[in-house]
Amino acid sequence: MAVNLATLRSNVELALAGRVAAPFSYRDRHAVEIVSTGIAEIDSLAGGLPRGALTEIFGPACSGRTTLLLSALAARTAQAEACALIDGCDAFDPHSAEIAGVELKQLLWVRCRNIEQTLRATDLLLQGGGFGFIALDLGDMRADVLRHVPLESWFRFRRAVEDTPTILMVLEPESNAKTCASLVLRMEAEPARWSTTSEAQATDFFRYPPSWLLEGFGIRAELLRSRLQPIATNSFQKPFASADRSELFETNVLRSYLRVANGISAEVKARIAEEFVAG
Amino acid sequence: MAFASIHVPHFPLQAVVRAEPSLRNQALALVDGTPPIWNVVAANQAALQAGIELGMAKSQAAQFHAVEIRNRSRVQEKSAHAALLDLGASVSPRMEDTAPDTIILDISGLASLFGNEETIARQLMQRASSMGLHVHVAVSSNLEVALHAAHGFPGITVILPGEEAKCLAPLPVRALLPSAEILGTLERWGVRDCAALAALPVLPLSERLGQEGVRLHQLARGARLRSLVLARPGVCFQEEMALDFAVAELEPLSFLLGRLLDQLCARLEARALAACAIRTHFDLEDSFEKDFQVFSENSPPQLASKTYEKILSLPVPTRNSKMLLKLLRLQLQADPPHAAILKVILAAEPARPRAAQGGLFLPSCPDPEKLELTIGRLAKLVGHTNVGSPELIDTHRPGDFRMAPFAPVSDESKIPQKHATAVAQGSRETPLTAFRVFRPEIQANIELQQNYPTRIYFRGLRGNIIAASGPWRTSGDWWREDIWQQDEWDVEIRFDSVSGQSQKISSPRTQDGLYRIYYDSLREAWFARGRYD
């Protein structure tokens, strides 16, 4: 029986000679290049964003998905990479992105109206090639609409970015890409931080309303899947390591006096921002 | 000194064939005249063999079904002449524009660049062929000899110094372009070629034919000398095509645009240039509505022809005709002309081609030509106004921005240093909270308590506002019609549970979070601007 199997194997290898290099061995999985997300906690949790792979970020509204997206965009555009944002719900705020450090001239923004346009635009950009970072923002789309996106679309996206230097990031309310995603992060919001001048005010908002200021909120990111580690070939081990680690980080809201200052000159804006960063 | 003369035989025919290459191997006759009198003015060998004669009426010529009849086109002859000048300029800057069908080049000193004279002549023929022209090339140290040899001998003729008379000997006297009277006289004498003319004694010839006779004698001997009259080729790259029948559909129009673009790109390549913009001009057929207006009683007749004009601007100069055609198609699909097309004019704005040095360590950047095509396709999909780079406007009005063309740079040093928040990006521990915008803003109903929002109703949901920060008042543009005045609030909303689940977005709990709402003092209504995410 063993001899027959060996003969059969050699026959198959002979028949496929010149077309398939090694039909009975697993394809080498190259070590992927990983880049920073711009958020240290996420980098320590997931290692970063993998190039040539699909990264899925999901979570409910106000869970910090867009904060992660803008941080990644800021990091990529600062490296002079061409980035694209396919905005499924036309929810991108250029002012917020500018303040977060995104170089807007490096960003191609495609404002879509429905899921069909969004998927088609993604196909076009992936086929066009050359982008360092492509983000597909489906964060405000209805969950039932996204569930009807055929799995073949996710497979197509994954295949399109494979062996390219492109990072494909998808933002969704629920996870839909299944095994096509190499990195899956679930985001959750922690309670918001409101600044008050005294404990008494903190306990009764309506009694002391004028002293309240929104400071920011915490975001908990949970790593659900990561294929970033190179794996051994010729083995049947699970191709990715399940992870259940999570990380918490805080975000800050720009104070409103800065937020409303969009029309001021860049120098003044920079000075205010410096004061803000300084604390 | 060495001169190369380039002659386009049957120039009117070749001008038409250049615009319609499928006619190259067919019997073709050109008609010209004033309607209704049309006569055959040119015909190729196949048409003459089929029985076509010059001067024949168009109605007679039309009876030869194997012969294609076309109108003589001065526009296409002008384009062909411009192409001929570009051909000459591709080899030598010293050029004489002798006639619409003939140019003469000074090719002295080009041997190190192109090779010997025969190689130069061969290259000229190849380049002419790529531009849709079949030419005769003659090279000689005598300008006049080169000129007449190109008129008289097909293909490539290289005349060595001292052999001018010998080479011109078999050339018919007609090729020297004498006046009809002198040509008749010479024929009566039995002088039919240059050898016979050169053998005549000069003085008796001068007594009988005058200075014209002496000039012809010198030409026949290859002894006449003159200087090159330099011409400078223009920088107008334009190709036109007038159509016999109006074209209303994109597919047949694409074939015509493709031909014109091929010609334009070949001309640009000959001049080592590329196109940074393509101007499209169509003359359109009068529509039914226009005809109706012309015949209506009160409206004045509108005699001006309708036109359609578009400019296709390119981020980087290119002469890739296939890519240009795709971009033009996308542009036409996005904004098609409203009537059938009678005439097509394409003009290229010339620019120096892009010369870029790739870097191993530079970040990946889309190929500009491919990127333009991708953006064109995206614009067709989502609309021109929905693709590009966001650009902030110098205003306090919340959410104001405009879309600019996407032109990324691949050099990190060219990225302008952002303000401190961005510079500190790497070291900043706490990222800034992002904001998502509702477009358009969602009207909300707000319950107030002591002038502070406490409950909110919007998107079919109701919720309690458990914390709020505000109001942050902004206003501006009071001198304009679109004045604005808003009181903004940052609010934290906890939505009520809904048992019926009438809305399909998701459960209300998943919508809890931080929102920005505002009261519009002018519209006297509350709106939700977006949410922090």
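Residues numbered from 1 in each chain as written. Chains lettered and ligands numbered in written order. Predicted model: local features only at pLDDT ≥ 70, side-chain atom pairs only at ≥ 80, totals over all residues.

I tried to follow the sheet that holds strand 12 (residues 341–351) of chain B on my own but got confused; where do I start?
Strand-to-strand pairing in sheets goes through backbone hydrogen bonds, with the strands running parallel or antiparallel. Residues and elements named next belong to chain B. As summarised here, the arrangement of the four strands in space is 9-12-10-11, forming an open sheet in which the pairing is antiparallel. A strand with exactly one partner marks an edge of an open sheet, and here the two such strands are strand 9 (237–247) and strand 11 (306–318). Adjacent strand axes in the sheet meet at a mean angle of 15°, parallel and antiparallel pairs treated alike. One ladder, built from seven bridges, connects strand 9 with strand 12; its direction is antiparallel. Among the inter-strand pairings, Met 241 is bridged to a residue of strand 12, identified as Val 344. (Pairing = 2+ DSSP bridges. Helix = DSSP H or I, 4+ residues; strand = E, 2+ residues; numbered from the N terminus. Axes fitted to C-alpha atoms, helices over the stretch in contact; angles between N-to-C directions.)

Would you take a moment to explain the confidence of the model for chain A for this structure?
Close inspection of predicted coordinates is inappropriate in any region flagged by low pLDDT. Residues and elements named next belong to chain A. Looking at chain A, the pLDDT average stands at 80 and 76% of residues meet or exceed 70. When the criterion is pLDDT under 50, residues 230–244 qualifies, and its contacts beyond four places in sequence or with other chains add up to 20 contacts. Within the model, the stretch residues 256–265 combines pLDDT values under 50 with 16 contacts to residues more than four positions away or in other chains. (pLDDT = per-residue confidence, 0-100. Contact = placed C-beta atoms within 7 Å.)

I would appreciate a short explanation of helix 1 (residues 11–19) of chain B in the present structure.
Helical geometry note: an α-helix holds 3.6 residues per turn, so side chains three or four residues apart project in the same direction. Residues and elements named next belong to chain B. Counting buried residues in helix 1 gives eight out of nine residues, a clear majority hidden from the surface. Looking at helix 1, one finds that the buried residues are Pro 12, Leu 13, Gln 14, Ala 15, Val 16, Val 17, Arg 18 and Ala 19. Looking at the buried positions of helix 1, the neighbouring elements they touch are strand 2 (27–34), strand 3 (37–43), strand 4 (67–71), helix 4 (74–89), strand 9 and helix 12 (250–270). (Buried ≥ 20, exposed ≤ 12 C-beta atoms within 10 Å, placed from the backbone.)

Please clarify how the sheet that holds strand 20 (residues 525–532) of chain B should be interpreted in this entry.
Residues and elements named next belong to chain B. Strand order in the closed barrel formed by six strands is 15-16-17-18-19-20, with antiparallel pairing between adjacent strands. The average undirected angle you get between the axes of adjacent strands in this sheet is 45°. As judged from the four bridges shared by strand 16 (residues 452–458) and strand 17 (residues 461–476), these two strands associate in the antiparallel manner. Opposite Ile 456, over in strand 17, you have Gly 463 as the bridge partner.

Which parts of the structure should I look at to understand the interface of chain A and chain B?
Each partner contributes to the interface: chain A provides 84 residues, whereas chain B provides 69 residues. Among the elements of the structure, helix 3 (65–78), helix 4 (94–100), strand 5 (107–111), helix 5 (115–128), helix 6 (143–147), strand 8 (183–195), strand 9 (213–226) and helix 10 (266–278) of chain A are those that each provide at least two residues to the side of chain A that touches chain B. Here the side of chain A that touches chain B takes nine residues from helix 3 of chain A, the largest share from any one element. Split into classes, the residues belonging to the side of chain A that touches chain B amount to 46 nonpolar, 23 polar and 15 charged. (Nonpolar A, V, L, I, M, F, W, Y, C, P; charged D, E, K, R; others polar.)

When you look at unusual backbone geometry in this model, what are you seeing that I'm missing?
The bulk of non-glycine residues show a negative phi, and the bulk of peptide bonds are trans. Residue and element names in this part refer to chain B. The linkage connecting Arg 439 with the following residue, Pro 440, adopts the cis geometry, with an omega of -5°. Looking at the secondary structure, you find Pro 440 in strand 15 (residues 435–449). A cis geometry characterises the amide bond from Gly 470 onward to Pro 471, with omega recorded as -5°. Within the secondary structure layout, Pro 471 lies in strand 17. You will see that Ala 272, though not glycine, has its phi angle at about 60°, which is positive.

What is the right way to read the pairing of strand 1 (residues 3–7) of chain B from this model?
Consecutive side chains of a regular strand alternate in pointing toward one face of the sheet and then the other. Residue and element names in this part refer to chain B. Burial within strand 1 is extensive, with five of its five residues counted as buried. Examined bridge by bridge, strand 1 and strand 7 (residues 136–140) share five bridges and lie antiparallel to one another. Its bridge partner lying in strand 7, Ile 6 is registered against Val 137. Inspection of the sheet shows strand 1 paired to strand 6 (residues 102–106) by five bridges, in the antiparallel sense. In the sheet register, His 7 faces strand 6, and the bridge partner there is Thr 102.

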